[in-house]
2 protein chains.
Amino acid sequence: MARNTHVAADTAAPPITSTLATFVAGHPARGWSDAVEREAHRTFYNWLGCAIGAAHHEAAVAALGAVQVLEPAAQATVLGRQEKVDIASAALVNGITSHTFDFDDTHLKTIIHPAGPVASAALALAELRGSSGRDVIDALVLGIDVACRIGNVMYPDHYDRGWHITGSTGMLGAAAACARLLHLDVQQTQMALGIAASQPVGLREQFGTMTKPFHPGGAARAGLMSALLASKGFTSSPRALEAPRGFVQVASDKRAWNEATDELGQRFEISFNTYKPFACGIVIHPSIDACVQLRERGVQADQVERIELRVHSLVLELTGKKEPKDGLQGKFSVYHGCAVGLIYGRAGEEEFSDAVVNDPAVVALRNKVQATVDDSIAEEAVQVTAVLKDGRRIDVRVDNAIGSMHNPLSDAQLEAKFAALVVPVLGEARCRDITGQWKNLAALSDIRSFVALCRP
Amino acid sequence: MARNTHVAADTAAPPITSTLATFVAGHPARGWSDAVEREAHRTFYNWLGCAIGAAHHEAAVAALGAVQVLEPAAQATVLGRQEKVDIASAALVNGITSHTFDFDDTHLKTIIHPAGPVASAALALAELRGSSGRDVIDALVLGIDVACRIGNVMYPDHYDRGWHITGSTGMLGAAAACARLLHLDVQQTQMALGIAASQPVGLREQFGTMTKPFHPGGAARAGLMSALLASKGFTSSPRALEAPRGFVQVASDKRAWNEATDELGQRFEISFNTYKPFACGIVIHPSIDACVQLRERGVQADQVERIELRVHSLVLELTGKKEPKDGLQGKFSVYHGCAVGLIYGRAGEEEFSDAVVNDPAVVALRNKVQATVDDSIAEEAVQVTAVLKDGRRIDVRVDNAIGSMHNPLSDAQLEAKFAALVVPVLGEARCRDITGQWKNLAALSDIRSFVALCRP
């Protein structure tokens, strides 16, 4: 529902455009803890896997077809593909592919998927300039901080009224990241944020269409071009974010200005970023996690008499499809999720393909999954019991599913997710090469050697 | 002031995305009156003059510098300049220059400047494709109809809350025009409108900066790319405009759906388009008009003892600057406007240059202009009396200033405006060549021969 509570214009808003520009232009390189530095690498690596994985999706093919009408210069890599295009088009297409599987990162406080707009813009520009890995990671951390902080200022009202917040804050994060990569001064960085403020990209009505992943791509392109414009002396309002007719007040009735600047430079929003282990809605994740654990405890499909789930009613409301007919329907079936979790030990995009959803072995096990509603169990929890043919009962309780803030993916699990996405596109060897380098990205003197690995 | 009256989501909105797509894809070529056809040519010619006139403005130089970082292919002309760039960048830069002088067309019902987004996108695409003049004029009429009708649906609430409506409806007009030029079918045209709906460009907070003219340019580029994406099979919501989380309901509390479709194909919004005779705020226009009339009646500056104005109080509120120091301040001085009107018989961009504002003859006459507030006189009217040194008093009353709906610029006056803008950039001969052809644009088999005249 579009929410329009009655609020007056705030003429006394603090100068957040100026404050954020000063921060982005002036914060020292690697001016944060090891934990933040590590999360930045995890965010980048997870984003990269999602983008490469969707390189041949029909949305990528259509978007690439459109930008090729422009006869683009071969400046930057379309991740996972042979083609190179101009940096604005690369930011667009890589932003689209990174969000196509709905498998990318999530800043849970705002449900922003921050890497899509920010990393897509930053990497394209960095490839053209031959920026160092250090500069790329710095741009990523600072850009994501700007996008998510503006998200914190406006969420939930901005999202509730229908904006797809990933693309309607992402242009600011992308502009900040690119301004940093271009080494713009405070004043030019402020102009870049201002130019970007006029270009939010994203409506929730587009969910279920290719325009949903277009949003982070469009935001990446808008932010990149905003930084380039500012670098050439293009001007914007120095109060474009906070003024009564500036972005925040035009697009949201919630205006928690303090969120933009509290602990700025101490607390980094990338610390709150999470990575999906499974390529489906978060509500099924505990059940899949439990079945993966059953598999790790030696349970095999042919031993199973039945699998009993006790779940919150919301789980069946959203994902109660008993007999999914194709991959997309499979994403709305907790029964399918459990079956692939036990059989394959994972639930990536491949496990939600039409072929797997209709695989007799998967169908057979799916039919042995029984779900009971129990609202004494939290939405994010599940109680699973595998009843085996020999009469044994094996219980698994999951309270914090893998991938949640309290139980984040390990680096090894991120690497497994990456491989499942990337091997089908680039092959084993190349996947290994990239995975051998991702933790040392910041040490690279020139990012181009790394990007070259992401091209067949 | 941002206005947020409380309204609920409208779940029963009519399918205007589909209706407008059917109209754009299916309306017959030149399916309108001679008056509409003539207005389309006037709109295009006025837009062209504004774009060429600002070809060397610092905003144009900065924008061109930014797009050249992309090493664009030489697909389309940057109007008034040697450079050619890719069609998306040409749409952007020409959209910027066409609005840089605030001298372009105005759809008075919504204060949308519709040609900026629509013509900038359409001409760039038409140049690449070698489209006919007929196709360009058809695209212009239909694209402007879509942008202005969506403006009618949302105005004034959408504008009052801070959107620069030219860029936040223009992407729809540009998408419609480009979909028409690409001969997309109804379904693809609907997708193009949907993709564009996620990309409004423009905040009123940017007024007074280069990002104001960026808005029509950004909207032109967004609409053009939306049509290209749709032509390659990219998808969007078929209800992207009217759904509860679609563009109109997200961006406006006023949702007069009937405005989108009433008399569709009979009434064309381009019929309500107007062209500024003077390069300044509309509120000074009656006073300048009156002084131009004094000049036509033989009054010369050196004969003048004083000039008495009786004006509505709003005129002095907005433009009461007695001693402007530079060109920009001159645009907020009714006294300066009167002086140049009497001395030069016009008030184009040149008459608002720093040089003219500080010219002793202009300053001397400006000091002889006296304004009296009289709220019995309408905002759009003025009573002017020239008191001459020989004692004669010459009165001029203006109720409908030149350029208003009731007193539109004649074709000859449009040509004079065009020449004042274009001669300094392209020279007399080229200006004559273009002016010799503009009325026959629709008859051209290939628009490229005409566009070539707009390049030095």
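Thresholds applied
- Residues numbered from 1 in each chain as written.
- Chains lettered and ligands numbered in written order.
- Predicted model: local features only at pLDDT ≥ 70, side-chain atom pairs only at ≥ 80, totals over all residues.
- Heavy atoms only, no water.
- UniProt positions renumbered as here; feature names shortened; annotations may be inferred.
- Helix = DSSP H or I, 4+ residues; strand = E, 2+ residues; numbered from the N terminus.
- Domains from an automatic or database assignment.
- Least-squares fit on C-alpha atoms with pLDDT ≥ 70 in both.
- Contact = heavy atoms within 4.5 Å.
- Patch = residues over 30% accessible without salt bridge, like charges linked within 9 Å, V, L, I, M, F, W, Y side chains within 5 Å.
- Areas by Shrake-Rupley, 256 points an atom, 1.4 Å probe, with all protein chains shown as cover.
- Salt bridge = Lys/Arg side-chain N within 4 Å of Asp/Glu carboxyl O.
- Lys, Arg positive; Asp, Glu negative; His and termini not counted.
- Charge placed at Lys NZ, Arg CZ, Asp CG, Glu CD.
- Axes fitted to C-alpha atoms, helices over the stretch in contact; angles between N-to-C directions.
- Parallel < 35°, antiparallel > 145°, perpendicular 65-115°, else oblique.
- Left-handed = near helix turned anticlockwise from the far one by under 90°.
- Nonpolar A, V, L, I, M, F, W, Y, C, P; charged D, E, K, R; others polar.
- Buried area = accessible area lost by both parts, 1.4 Å probe.
- Polar contact = N/O pair within 3.5 Å; in protein donor to acceptor, adjacent residues only side chain to side chain.

A. Quick peek at the UniProt feature "domain: MmgE/PrpD C-terminal" (unreviewed entry) in chain A. When the UniProt feature table is mapped onto this chain, "domain: MmgE/PrpD C-terminal" (unreviewed entry) is found at residues 278-433 of chain A. Along residues 278-433 of chain A, the helical share is 43% and the strand share 17%, with 24 Å between the first and last C-alpha atoms.

B. Local environment of the domain arrangement of chain A. By domain assignment, chain A separates into domain 1 (16-275 + 438-454) and domain 2 (282-398). Averaged C-alpha coordinates put domain 1 of chain A and domain 2 of chain A at centres separated by 35 Å.

C. Region of interest: the relation of the copies chain A and chain B. When chain A is fitted to chain B, the residual RMSD is 0.2 Å, and the transformation amounts to a turn of 179 degrees plus an axial shift of 0.1 Å. Both copies of the chain, as the preceding transformation shows, are related through a two-fold rotation axis. Looking at the interface residues of chain A, 100% of them are also at the interface in chain B, so both copies use one shared face.

D. Highlighting a negative patch on the surface. A cluster of acidic side chains, namely Glu 317, Asp 375, Glu 379 and Glu 380 of chain A, defines a negative patch on the protein surface. Following the sequence through the fold, Asp 375 of chain A ends up in the loop between strand E6 (369-373) and strand E7 (382-388).

E. Structural context of the side chain of Asp 138 of chain B. Within the element layout of this structure, Asp 138 of chain B appears in helix H6 (residues 133-154). What Asp 138 of chain B contacts, discounting residues up to four positions off in sequence, is Ala 29, Arg 30, Trp 32 and Arg 180 of chain B.

F. How the structure looks around the packing of helix H5 (residues 115-129) of chain A against helix H8 (residues 165-181) of chain A. All names here are of chain A. Closest axis-to-axis distance for the H5/H8 pair is 7 Å, and the angle between their directions is 25 degrees. Relative to H8, the element H5 is oriented roughly parallel. Seen along the crossing, H5 lies across H8 with a hand that is right-handed. Between H5 and H8, the residues in contact are Pro 117, Val 118, Ala 121, Ala 122, Leu 125, Ala 126 and Arg 129 and Thr 166, Gly 170, Gly 173, Ala 174, Ala 177, Cys 178 and Leu 181, respectively. Tallied by class, the residues present in the contact of H5 with H8 amount to 10 nonpolar, 3 polar and 1 charged.

G. Structural context of the interface of chain A and chain B. Counting residues at the interface gives 64 residues for chain A, matched by 64 residues for chain B. When the two sides are added together, the surface that chain A and chain B hide from each other amounts to roughly 5,600 Å², 61% of it contributed by carbon and sulfur. Across the contact surface, chain A and chain B share 0 salt bridges. Between chain A and chain B we count 22 residue pairs in polar contact (both at pLDDT 80 or more) in total. Counting only elements with at least two residues in the side of chain A that touches chain B, the list comes to helix H3 (58-68), helix H4 (87-100), helix H9 (186-197), helix H10 (211-231) and helix H11 (247-251) of chain A. Considering each element in turn, the side of chain A that touches chain B owes the most residues, 7 residues, to H10 of chain A. Class assignment for the residues of the side of chain A that touches chain B results in 33 nonpolar, 20 polar and 11 charged.

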